[in-house]
Amino acid sequence: MVAGMQPPANEPGAQVEAANIKLAVRDLSISYGRDTALGNVSLEIREHEIFGIIGPANAGKTSFLKSLNRMDMFNSDMHVKGEVLFNGLNIRKLRNIYALRSRIGVVFPLPVGLPMTIYDNVALAPRLSGMKNKADLDVIVERCLTRAALWDEVKDRLNSLGSLLSGGQQQRLTIARALSQEPELLMLDEFSIAVDPVTTMRIEDVLKELKAEMTIILVTNLVQQARRLADRTAFFLAGECVEIGETEDLFTDKVKDQRTNDYIEGRFG
Amino acid sequence: MFETSTLNARNQQVQRLVRILFLMMTLFLIVPVLIILGTLVVKGSSVISIDFLFTSPTEGMTAGGIFPALLGTVFLVAVDLVIAIPIGISAAIYLSEYAGNNWLTRVINLAIINLAGVPSIVHALFGLGAFVLFFGFGTSILAASLTLAIMTLPLVIVASKESMQAVPQAFREASWNMGATRWQTIRRVVLPNAIPGILTGLILEISRTAGETAPIMFTGAVFFTPFLPQGIFDQTMAMPLHLFVVATQVPGVPEDLPYGVALMLIALVLFMNALSIAFRAWLRGKKKW
Amino acid sequence: MGNGVLTETGSGGDFDRRNTDWYMDKVVQALIFIGGISAIIFVAGIFVFITKEGLGFILDRFDFMEFFTSEYWYPAEEEDPEYGILAMIAGTASVTVLAMLVAIPFSLGTAIYIAEFATGKTRETLKILVELLAAIPSVVWGFIGLSIMNPLIIDVFDVPVGLNVLNAGIILGLMAAPIMTSIAEDALKAVPDRYREAAEAMGATRWQVIQKTVLPAARNGLLGAVLLGVGRAFGETMAVLMATGHSINIPGSVFDSVRALPATIAAELGETAVGSEHYQALFTLGIFLFMVTFVINLSADLIVRDTAKK
């Protein structure tokens with residue numbers, strides 16, 4: 001992403017520092033009906049960093065991700081307040097929300113292999129954006145499946161149904177699909193839940209490489225995974241963003257809030 | 001102890017009796033109809049031959065075949081499908097993919113139920129008033145097929161809607177997450193997986209349309225015409241009306257002739273139905289997720 | 001950087017541009033919406049057009065008392081035509097009642113057998129049979145009444161005419177029963193299995209479970225099935241036209257020939273001149289039919305929806 005091509009922000013008082021801020025969240029609150037899932041979160045995510053989010057279940061991590069690509073549009077129960085700026089643009093005021101989503105790749109914990117061939121699964125995003133050339137698609141499909149550590153297992157059966165792969169394979173297929181969008185921002189939500197440890201390690205290595213190409217938000221319930229990968233990490237607890245800091249600081253007792261320490265030390269969660 | 005076991009034994013007996021009673025009721029409902037259908041087959045099959053299928057009625061409809069009626073029904077069904085498919089499927093897409101849980105959706109569902117429940121003769125009156133007279137299509141295949149399509153629309157809508165709703169929401173969300181528009185998601189993810197179910201509904205639609213009499217009586221089908229239909233503005237003969245005519249309107253028809261017509265009509269309708277059932281069973285065995 | 005193919009349409013922040021896909025989405029949404037409300041348009045259209053054709057009669061000639069209390073329907077009289085539908089209401093009602101006497105017990109019984117007793121292959125076969133029976137066209141039923149039931153009734157009951165209330169009632173009953181069976185079976189299947197398990201755990205027999213638990217829980221759905229059957233029988237045209245004998249009569253017994261409302265329209269409309277009083281009177285009959293079935297369907301829907309909520 002070429003930072004210098006930042007257009008005039010569509011907000012008065014646009015921040016000067018926007019250049020290397022990929023995503024700015026201000027006073028974000030999410031509620032479902034009367035239940036608050038997340039309250040008053042403000043944070044900034046820099047370009048080309050891996051931003052970890054840790055926290056126990058029901059901390060609001062998944063809701064947070066869903067609000068970033070405006071999936072709340074499809075859930076009339078979900079209400080989002082506050083501001084999210086993507087590349088300095090307020091995502092609530094975008095004229096083409098689909099363009100935003102095509103720039104953001106998402107991997108949710110429940111793997112979804114679409115009921116089409118493995119090839120078509122990975123070629124879907126490029127095709128949606130108008131790509132038809134078979135040779136170009138072939139390249140993308142192979143590259144994305146390779147990066148998602150799935151190519152070797154499926155290269156001989158690209159025409160079988162993606163929805164009939166095993167859970168772990170579907171998870172990697174989902175990752176490959178997210179990568180096929182060539183996203184500016186990749187959001188991973190507990191991606192390793194259905195994947196074996198060896199494959200998890202392989203994907204983690206890929207994520208470190210991908211950092212050069214995109215910004216990554218990594219939601220994980222594995223504290224050590226955040227430590228291995230994330231540059232900075234936020235700790236969410238029961239709808240509150242308790243702490244944000246350099247990952248190493250969180251793990252070396254430089255926490256500001258005792259609860260963070262308790263969680264990392266495994267005293268709850 | 002002793003008491004309990006006699007009670008159990010009595011219960012068992014009641015149970016068995018009740019079961020037999022309900023089985024009898026089932027058989028009372030089904031067996032007579034099967035006997036009747038058997039009679040139709042026995043009496044009708046002597047009439048049916050290649051000639052019967054491919055010649056026109058002769059001698060004041062007391063002899064000859066049913067070709068114009070057969071062809072007319074094919075025409076009516078074909079035009080009906082051209083009308084019912086786009087309207088029915090888009091209504092189904094709306095209900096499955098767009099409609100919220102609000103008053104409009106309730107009104108639409110109520111309208112669909114009413115469209116299915118209004119007597120066929122009222123549909124005929126509507127077709128006459130609207131298509132034949134008001135829109136000036138005259139008594140024609142077009143007017144008759146429009147009437148049939150509107151009458152049988154609920155069938156297409158309900159079958160298509162159900163097969164679209166059977167596509168898991170997670171697939172749509174995955175597609176939206178990639179930046180697909182609603183329409184792109186419908187076209188690339190929902191429809192391809194719903195099409196088999198929609199087809200099942202369409203085969204039923206054909207079966208239903210082919211057998212309807214009242215809606216076409218005053219809108220496009222005629223008792224007899226020496227001409228085969230050339231286009232959608234022509235009148236035509238049709239199988240169900242032809243059965244009505246040879247059974248009630250023509251003097252001196254040989255006793256077995258109407259049985260032949262009835263058998264052909266029922267064979268046509270039940271064949272399409274059986275096809276749809278078989279297709280459905282085949283689909284059930286072919287899981288895609 | 002790294003955005004090879006996909007960012008060719010724009011780079012940096014100017015991706016937020018409406019493109020063909022965006023407009024396509026909006027256009028399709030509008031078209032689909034029209035399709036979505038088409039059923040409403042058609043139902044409204046039915047009402048508007050039959051009213052339009054029948055309006056002349058309603059304004060100029062319609063006499064509420066005559067229409068509903070006279071049993072004389074002489075629309076073709078030159079001098080003094082009379083438009084009373086009482087006899088036809090009696091005809092339709094007698095046939096519908098008899099049809100329901102046939103259809104309600106047998107269809108509910110069949111539904112209970114299929115849903116609660118039958119298993120495996122038997123169950124599948126019965127369901128398919130019921131579905132096929134429901135597909136038999138009404139004109140074929142009419143033909144069956146005319147050519148098979150008619151001589152049978154004459155033989156068995158030693159009556160001069162076999163086209164009567166009995167004939168049409170049985171035919172209509174057999175015709176409505178499969179549809180009622182399907183809907184009733186759905187209603188029974190909608191009762192959660194845990195109800196049955198709970199009752200059986202307390203030592204109840206299958207029949208006690210059905211009686212005490214399943215039937216009460218499915219009551220509204222079953223009532224909906226019955227109402228839809230009534231609507232079906234009430235509005236049936238061809239079968240009734242062919243099997244009742246089609247003579248205007250307030251029936252004294254099931255062996256009397258009668259005439260039904262829908263059948264009257266089917267039989268007479270072809271002989272009337274467009275716009276004539278008789279023609280308009282037949283459309284007025286249509287309006288009456290439309291309104292009655294509307295109410296029946298509405299109540300059936302409300303009752304079934306009520307169950308669905310619980």
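It should be noted that the structure appears before, not after, this text.
Each chain carries its own residue numbering, running from 1 in the written order of its sequence. As a convention, the first chain written is A and the first ligand written is 1, with the rest following in written order. At least 70 in pLDDT is required for a residue's local features to be given in this predicted model, at least 80 for side-chain atom pairs to be given and counted, and no such filter applies to totals for whole chains, interfaces and linings, which use all residues. Derived side-chain values reflect all non-hydrogen atoms in the structure, with water molecules and hydrogen atoms excluded from consideration.

Novice: I'm lost on the overall build of chain B in this one. Help?
Specialist: Secondary structure elements are defined from DSSP: runs of H or I of at least 4 residues count as helices, runs of E of at least 2 residues count as strands, and each element is numbered from the N terminus. Looking only at helices and strands, chain B has 11 helices and 2 strands in total. The linear arrangement of helices and strands in chain B, starting from the amino end, is α-α-β-β-α-α-α-α-α-α-α-α-α. We take the radius of gyration over the C-alpha atoms and set the globule estimate at 2.2 Å times the residue count to the 0.38 power. Since a compact globule built from 289 residues should have a radius of gyration of about 19 Å, the 24 Å found for chain B marks it as more spread out than a globular shape. Residues counted as buried form 55% of the 289 residues belonging to chain B. For chain B, long-range pairs separated by at least 24 residues make up 75% of all intrachain contacts whose partners lie at least 6 apart in sequence. Carbon and sulfur atoms make up 68% of the accessible area of chain B, which amounts to about 12,000 Å² in all. Between buried and exposed lies partly exposed: a residue is buried under 20% and exposed over 50% of the maximum accessible area for its type, with that area taken using a 1.4 Å probe on protein chains only. Note on definitions: a residue-residue contact is assigned when non-hydrogen atoms from the two residues lie within 4.5 Å. Surface accessibility in these figures is a Shrake-Rupley result with a 1.4 Å probe; residues are shielded only by whichever protein chains are displayed.

Novice: How should the environment of C:Ala267 be read in this particular structure?
Specialist: All names here are of chain C. On the secondary structure map, Ala267 appears in helix H12 (residues 261–268). When the C-alpha atoms of Ala267 and His246 are compared, they prove to be 9.0 Å apart, with 21 residues separating the residues in sequence. Ignoring any residue separated from it by four or fewer positions in sequence, one finds Ala267 in contact with Leu241 and His246.

Novice: I keep staring at the nonpolar core and nothing clicks. Help me out?
Specialist: Remark: nonpolar core denotes a set of buried residues (Ala, Val, Leu, Ile, Met, Phe, Trp, Tyr, Cys) joined through side-chain atoms within 4.5 Å. Core analysis: the biggest nonpolar cluster contains 193 residues, and A:Leu114, B:Ile121, B:Met164, C:Ile50, C:Val140 and C:Trp141 have the highest contact counts within it. The element contributing the most residues to this core is helix H3 (residues 67–98) of chain B, with 15 residues. Those residues in contact with A:Leu114 that sit more than four places away from it in its chain are A:Asn121, A:Leu124, A:Gly162, A:Ser163, A:Arg177, B:Phe171, B:Ala174, B:Met178 and B:Val189. By size, the runner-up hydrophobic cluster in this structure holds 38 residues, among which are A:Leu65, A:Met187, A:Ile217 and A:Cys241.

Novice: What am I meant to see in the pairing of strand E4 (residues 78–86) of chain A here?
Specialist: Within a regular strand, the side chains alternate between the two sheet faces. All names here are of chain A. Here a strand pair is declared whenever DSSP counts at least two bridges between the two strands. Of the pairings in the sheet, the one linking strand E1 (residues 21–32) to E4 comprises 8 bridges and is antiparallel in character. Of the residues in E4, the one forming a bridge with Ser31 is His79. As paired elements, E4 and strand E5 (residues 89–90) share 2 bridges and run antiparallel to each other. Looking at E5, one finds that Phe86 is bridged to Leu89.

Novice: It is not clear to me how the packing of aromatic side chains should be interpreted in this structure. Could you clarify?
Specialist: Each aromatic ring pair is characterised by the separation of its centres together with the angle its planes make. Here a pair means two rings of Phe, Tyr or Trp (six-membered ring of Trp) with centres within 6.5 Å. Their orientation is stacked below 30 degrees between planes, edge-to-face above 60, and tilted elsewhere. A full pass over the atoms with the stated rule returns 33 aromatic pairs over all chains. Relative to C:Phe117, the ring of C:Tyr113 has its centre 6.2 Å away and its plane inclined at 25°; by these criteria the two rings are stacked. You can see C:Tyr113 and its partner C:Phe117 sitting in helix H4 (residues 86–117), 4 residues apart, about one turn around the helix. Grouping residues by exposure puts C:Tyr113 and C:Phe117 together as buried. Sitting above the plane of the A:Phe86 ring, A:Lys22 keeps its charged end 5.3 Å from the centroid. The rule for a charge over a ring is simple: NZ of Lys or CZ of Arg within 6 Å of the ring centre, and within 35 degrees of the ring normal. A cation over a ring is seen here: C:Lys26 above C:Trp22, with NZ or CZ 5.3 Å from the ring centre.

Novice: Teacher, can you tell me more about the interface of chain A and chain B here?
Specialist: Accessible area lost on assembly of the parts is the figure often given for the size of an interface. Each partner contributes residues to the interface: chain A has 23 residues there, and chain B has 18 residues. Carbon and sulfur atoms supply 69% of the area buried between chain A and chain B, which totals about 1,900 Å² over both sides. Taken as a group, A:Phe74, A:Pro115 and A:Leu128 account for 32% of the area that chain A buries against chain B, more than any other trio of residues on that side. In what follows, salt bridge is the name for a side-chain nitrogen of Lys or Arg lying within 4 Å of a carboxyl oxygen of Asp or Glu. Viewed at the interface, chain B and chain A are joined by 0 salt bridges. Pairs of N or O atoms are called polar contacts if they sit within 3.5 Å, as long as, within protein, a hydrogen donor faces a hydrogen acceptor (for residues adjacent in sequence, only side-chain-to-side-chain pairs). For the pair chain A and chain B, the number of links is 3 residue pairs in polar contact (both at pLDDT 80 or more). Contributions of two or more residues to the side of chain A that touches chain B are made by helix H2 (97–103), strand E6 (104–107) and helix H3 (118–128) of chain A. Per element, the largest residue contribution to the side of chain A that touches chain B is 4 residues, and it comes from H3(A). Here the side of chain A that touches chain B is built from residues that sort into 15 nonpolar, 5 polar and 3 charged. Buried area: the sum, over both parts, of the accessible surface (1.4 Å probe) that disappears when the two are put together. Residues were grouped as follows: Ala, Val, Leu, Ile, Met, Phe, Trp, Tyr, Cys and Pro as nonpolar; Asp, Glu, Lys and Arg as charged; and all remaining residues, including Gly, as polar.

Novice: Honestly, helix H6 (residues 167–180) of chain A in this entry has me stumped. Any pointers?
Specialist: Residues spaced three or four apart along an α-helix point in a common direction, a consequence of the helix completing one turn every 3.6 residues. All names here are of chain A. For H6, spanning 14 residues, the distance from its first C-alpha to its last is 20 Å, which sits close to the expected 20 Å at 1.5 Å a residue. H6 sits mainly inside the fold: 13 of its 14 residues count as buried. Looking one or two residues past H6, Glu182 carries a phi angle of roughly 45°, positive in sign. One less than the residue count of a helix, multiplied by 1.5 Å, gives the span that helix is expected to have.

Novice: Sorry, what's going on with the sheet that holds strand E9 (residues 232–237) of chain A here?
Specialist: The strands making up a sheet associate through backbone hydrogen bonding, with each pair oriented either parallel or antiparallel. All names here are of chain A. With mixed pairing, the 6 strands of this open sheet are ordered in space as E6-E7-E8-E3-E9-E10. Here the strands that pair on one side only, and so sit at the sheet edges, are E6 and strand E10 (240–246). Averaged over all pairs of adjacent strands, the angle between their axes in this sheet comes to 15°, without regard to strand direction. As judged from the 6 bridges shared by E9 and E10, these two strands associate in the antiparallel manner. Pairing of Leu237 across the sheet is with Glu240, part of E10. Helix axes use the C-alpha atoms of the stretch in contact, all axes being lines fitted to C-alpha atoms, and the angles between their N-to-C directions lie in the range 0 to 180 degrees. In this fold H6 packs onto E6 and strand E7 (185–189), with an angle of close to 175° to the strand it touches most, E6.

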